[in-house]
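Tertiary structure, described
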Amino acid sequence: MPLLAIHNLVTAFHTPAGRVPAVDGVSLAIDRGRTLGLVGESGCGKSVTAMSILRLVAAPGTIESGTILLDQPGGAVDLVSLPEPALRKVRGGRIGMIFQEPMTSLNPVFTIGDQIAEAVRLHRDVTREAARARALEMLKLVRLADPGQRLDEYPHQLSGGMRQRVMIAMALACEPDLVIADEPTTALDVTIQAQILELLSDLRRRLGTAILLITHDLGVVAETCDDVAVMYAGRIVEQAPATELFAHPLHPYTIGLLAARPAAGGRQPGPLATIPGMVPPPQHFPEGCRFHPRCGYARLPECAAGPPALRELRPGHFVRCDFAADLGPPHAVATGLGAA
Amino acid sequence: MSAEPLVVVDRLQTHFPVRRGLLRRTVGHVQAVDGVSFTIDRRRTLGLVGESGCGKTTAGRSILRLIEPTGGAVRFDGKDVRATRGADLRALRRRMQIVFQDPYGSLNPRLTVRAILEEGLVIHRLGTAGEREARVLRALERTGMTAAALERYPHEFSGGQRQRIAIARALVLEPDFLVLDEPISALDVSIQAQVVNLLVELRERLGLTYLFISHDLSVVEYMSDDVAVMYLGRIVERAAASDLYRAPLHPYTLALFSAVPSVDPARRRRRIVLSGDVPSPSRPPSGCRFHPRCPLAESVCREVDPPEVSLGGHRVHCHVAAREVERAGGDAAKASACLSGMMAAAASDTLPSNET
């Protein structure tokens, strides 16, 4: 079985305005040592999916249904129903986490060394000295310059790229089977992003850690992931091995996302391809296929009727679009942009 | 009409004092912009790229005097911007507008869209109430919005729509020149293309001149006629967009371009991973400011600030690149390929290892 198998996850927020299903029936599987990229725009539910895995979704959000099976030596456990004490062993132990903003996810009043050592001592019965030695070893592993000196420094003394290395060191300190990295390079400059992505792939090769990489950047996914799942409005709309997905995108949303970026090398004539309209907020997800109001290939009334199923159109390539096999030519979309 | 470019920036310098202690004594200066020169012709777009802290935003704001420069000269349509005062400055500023990065922070949440758009007209005492109404509506409609938006507040709009409102606010004064400071960075990918298309369409239709500041290299290439690359307060390379992207010459530009992840395997360059972080602009390195991170740095780079070398309008500040260009007989593409190979070789030798 895969290392982590999410089945039909539904995570909803109960707000005064009503129930908001941010994640609405997501199924994913990650094998050992593989990197799965979860891509989508803001509000698509990719971060809520990640937080649901570790049951870190804050109130008023709750996991309403579904299972999240983590394969363990003593047999698989369901993280959705696992009692809190056992779950605490999983968080930071079997599953490490790297967040987007390393400044706010590190504690400003403790040194780097104390924070990594704390993570180690929570999960392992080791002495203070051994934990500190492990922290130093981890800082060396993530290639932080002057690790011995950095151990006694505070987060504000480090640059953004260095802080993200510390976050990675902390996430890996207990040798997890899976690391969830939520936009780990979004806050970083592109040359620093290159350093961090290189580091993550190198560590994965050497330690065999599986990675769930959450990002909005298709380029980052293409260069680092084995498999990709594209999310839109709380659902997975397309899933395939990375090379397959970028060579043969099948869902109109994925096609649109890829076309919206200007091609490098020679200035292309004419305007960029656009996806009209805007990402719908979860409280106003459309009926039927949630992408149909913005879709240039939509056929009415079919696309507005029932939600399409995720179907395997090519080997290992799943698409949630009833017409993906034969989209036909695109047509203009009236979205009423600006009429708002 | 004069033949002079619309915007001429000459050795622009903006330093911020660093004050410490009880008496707030000045103990040093952050050299945010340090000797930046460029020109922008009418109806053209200059792209200004670089990483955070390189001074690109400060440069853009200094040109408009939203931040007072501490040295150098800025000429706009033949007028000395730094020497202009009072009503003359206000008249100049009507013609130079800015669009900020964050459409959430740059619109006053307590004002309706109508009030936001009208404010500039009121300040500049332009038109009667009826004329102002017409101009507000015209600016709004140019950005693809409708009159229905006028009585609403910014929070009722999505990020992309807010950025359209911010662009309409800049357009309402009918400027000649727009500073676009990361106008699409805060937007979702599917919305970015909409705003880019709008900016291009407005430029063609209204004959605007742009300074387009961004860290997104593909969008800069798409939008710009010329591109300048900044590092630590200085421009390290400047050329026509097609020349710069085809044959980057500065080692920093080469590393920057190679670091951009791409979905197209054919487009992926051999990645040159730079070591270390950008140094602090309050204590910039001696000589070439890029030398501590540069895999090609030589002893001369540590001591001598590299002069500008121009290859048919392709300007670069780098000792090594200058030599390679000469060796390649002035063939920029050949020199670029050579430099790229040297960097990849040097970078793989010096990659820090954790086994040490």
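The rules behind each value
Residues numbered from 1 in each chain as written. Chains lettered and ligands numbered in written order. Predicted model: local features only at pLDDT ≥ 70, side-chain atom pairs only at ≥ 80, totals over all residues. Contact = placed C-beta atoms within 7 Å. Helix = DSSP H or I, 4+ residues; strand = E, 2+ residues; numbered from the N terminus. Nonpolar A, V, L, I, M, F, W, Y, C, P; charged D, E, K, R; others polar. Pairing = 2+ DSSP bridges. Axes fitted to C-alpha atoms, helices over the stretch in contact; angles between N-to-C directions. pLDDT = per-residue confidence, 0-100. Parallel < 35°, antiparallel > 145°, perpendicular 65-115°, else oblique. Left-handed = near helix turned anticlockwise from the far one by under 90°. Expected span 1.5 Å × (residues − 1). Buried ≥ 20, exposed ≤ 12 C-beta atoms within 10 Å, placed from the backbone. Core = buried A, V, L, I, M, F, W, Y, C linked by C-beta atoms within 7 Å.

Here we come to the interface of chain A and chain B. Contact residues are listed per partner, giving 44 residues for chain A and 43 residues for chain B. Of all the elements in the fold, those that place two or more residues in the side of chain A that touches chain B are α5 (128-141), α8 (190-207), α9 (218-224) and α11 (252-259) of chain A. Looking at which element gives the most residues to the side of chain A that touches chain B, the answer is α8(A), with 7 residues. A breakdown of the residues in the side of chain A that touches chain B according to their chemical character gives 22 nonpolar, 13 polar and 9 charged.

Our focus in this paragraph is the pairing of strand β1 (residues 7-20) of chain B. All names here are of chain B. Examined bridge by bridge, β1 and strand β4 (residues 71-76) share 5 bridges and lie antiparallel to one another. Considered in β4, the bridge of aspartate 10 is made with alanine 73. Linking β1 back to strand β2 (residues 25-40) in an antiparallel pair, the connection comprises 4 residues, with glycine 21 at a positive phi of about 80°.

The next point concerns the sheet that holds strand β10 (residues 235-241) of chain A. Residues and elements named next belong to chain A. Judged by pairing direction, the sheet is mixed, and its 8 strands sit side by side in the order β6-β7-β8-β3-β9-β10-β12-β11 without closing on themselves. What marks the edges here is a single partner per strand, and that holds for β6 (95-98) and β11 (311-314). Taking the axes of each pair of neighbouring strands and ignoring which way they run, one obtains an average angle of 20° across the sheet. As paired elements, β10 and strand β12 (residues 317-319) share 2 bridges and run antiparallel to each other. If you follow glutamate 238 over to β12, its bridge partner there is valine 319.

Residue and element names in this part refer to chain B. In the predicted model, chain B carries a mean pLDDT of 90, and 96% of its residues have values of at least 70. Ignoring residues within four places in sequence, the model shows residues 352-356, a span with pLDDT below 50, making 5 contacts including any to other chains. In the predicted assembly, ipTM is 0.82 and pTM is 0.87.

The next point concerns the packing of helix α7 (residues 160-172) of chain A against α8(A). Residue and element names in this part refer to chain A. At a minimum axis separation of 10 Å, α7 and α8 run at an interaxial angle of 20°. Taken as axis vectors, α7 and α8 run roughly parallel relative to one another. Considering the relative orientation of α7 and α8, their crossing is right-handed. Contacts between α7 and α8 pair Gly160, Gly161, Gln164, Ile168 and Leu172 from the former with Ile192, Gln195, Ile196, Leu199, Leu203 and Leu207 from the latter. When grouped by side-chain class, the residues that make up the contact of α7 with α8 number 7 nonpolar, 4 polar and no charged.

Right, let's talk about the sheet that holds β4(B) for a bit. Residues and elements named next belong to chain B. Ordered by their spatial adjacency, 4 strands build an open sheet running β2-β1-β4-β5, and the pairing between neighbours is antiparallel. Taken across any chain shown, the strands that pair with only one partner, and hence form the sheet edges, are β2 and β5 (79-80). Packed onto the sheet, helix α1 (residues 56-63) meets β1, β2 and β4 and runs at close to 115° relative to β1.

Quick look at α7(A) now. Along an α-helix, residues three or four positions apart point the same way, because every turn accommodates 3.6 residues. The terminal C-alpha atoms of α7(A), which comprises 13 residues, lie 18 Å apart, in line with the 18 Å expected from a rise of 1.5 Å per residue. By the criterion of burial, α7(A) is predominantly enclosed, with 12 of the 13 residues buried.

Next up on the list: the nonpolar core. Residues and elements named next belong to chain A. Ile116, Ala169 and Leu212 are the most contacted members of the largest nonpolar core, which has 208 residues in total. The element contributing the most residues to this core is α7, with 8 residues. Sequence-distant contacts of leucine 212, defined by excluding residues within four places in its chain, comprise Ile30, Leu36, Leu38, Ala50, Leu178, Ile180 and Ala181.

What follows concerns unusual backbone geometry. Residues A:Ala59 and A:Pro60 are joined by a peptide bond in cis, for which omega reads 5°. One can find A:Pro60 in the loop between α1 (46-53) and β4 (61-70). The step from A:Leu300 to A:Pro301 runs through a cis peptide bond, and the omega angle for that step is 5°. As for its position among the elements, A:Pro301 is in the loop between α11 and α12 (302-305). With phi around 50°, B:Arg11 is a residue other than glycine that occupies positive phi space. On the secondary structure map, B:Arg11 appears in strand β1. The phi torsion at B:Arg65 lies on the positive side, around 60°, for a residue other than glycine. Relative to the elements of secondary structure, B:Arg65 occurs in the loop between α1 and β4.

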